[in-house]
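Letter by letter, the chains look like this.
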Amino acid sequence: MKFAGLLVMPAGFLLAVAALILFADPAEQLGFVLSGVAVEALGLGVAVRGFMLASRENRQ
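The rules we used
Residues numbered from 1 in each chain as written. Predicted model: local features only at pLDDT ≥ 70, side-chain atom pairs only at ≥ 80, totals over all residues. Heavy atoms only, no water. Helix = DSSP H or I, 4+ residues; strand = E, 2+ residues; numbered from the N terminus. Contact = heavy atoms within 4.5 Å. Lys, Arg positive; Asp, Glu negative; His and termini not counted. Charge placed at Lys NZ, Arg CZ, Asp CG, Glu CD. Phe/Tyr/Trp six-rings, centres within 6.5 Å; stacked < 30°, edge-to-face > 60°. Buried < 20%, exposed > 50% of the residue type's maximum accessible area, 1.4 Å probe, protein only. Patch = residues over 30% accessible without salt bridge, like charges linked within 9 Å, V, L, I, M, F, W, Y side chains within 5 Å. Areas by Shrake-Rupley, 256 points an atom, 1.4 Å probe, with all protein chains shown as cover. Salt bridge = Lys/Arg side-chain N within 4 Å of Asp/Glu carboxyl O.

### Quick word on the overall build of the chain
Here's step 1: Of the regular secondary structure elements, the chain holds two helices and zero strands.
Here's step 2: In terms of overall dimensions, the chain has a C-alpha envelope of 55 × 15 × 10 Å along the principal axes.
Here's step 3: Expressed as a percentage of contacts within the chain between residues at least 6 apart in sequence, the contacts between residues at least 24 apart total 65%.
Here's step 4: Averaged over its 4 positive side-chain charges, the chain has a centre that lies 25 Å from the centre of its 4 negative ones.

### Some points on the packing of aromatic side chains
Two descriptors summarise a pair of aromatic rings, namely the distance from one centre to the other and the angle between the planes of the rings.
Here's step 1: Here the structure, examined in full by the defined rule, presents one aromatic pair.
Here's step 2: Ring geometry for Phe23 and Phe32: centres 4.9 Å apart, planes at 35°, overall tilted.
Here's step 3: Here Phe32 falls in the partly exposed class, since its relative accessible area comes to 37%.

### What about a nonpolar patch on the surface?
Here's step 1: A cluster of nonpolar residues, Phe13, Leu14, Val17, Leu20, Ile21 and Leu22, forms a patch on the protein surface that exposes about 640 Å² of accessible area.
Here's step 2: As for its placement among the helices and strands, Ile21 is situated in helix H1 (residues 2-22).

Next up, the structure:
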């Protein structure tokens, strides 16, 4: 699960970069950049949760 989160974070970054390159309208850019940041945050949450669960299993 933690590796899935680590793979999702670059996807969010690439979504934000693609929005800046492809869209000329600042409103469209902002929407896609915010969605890219949200994808990165979700990926970070999944990765952190995966590492926390793994550390709990190692303690027991």
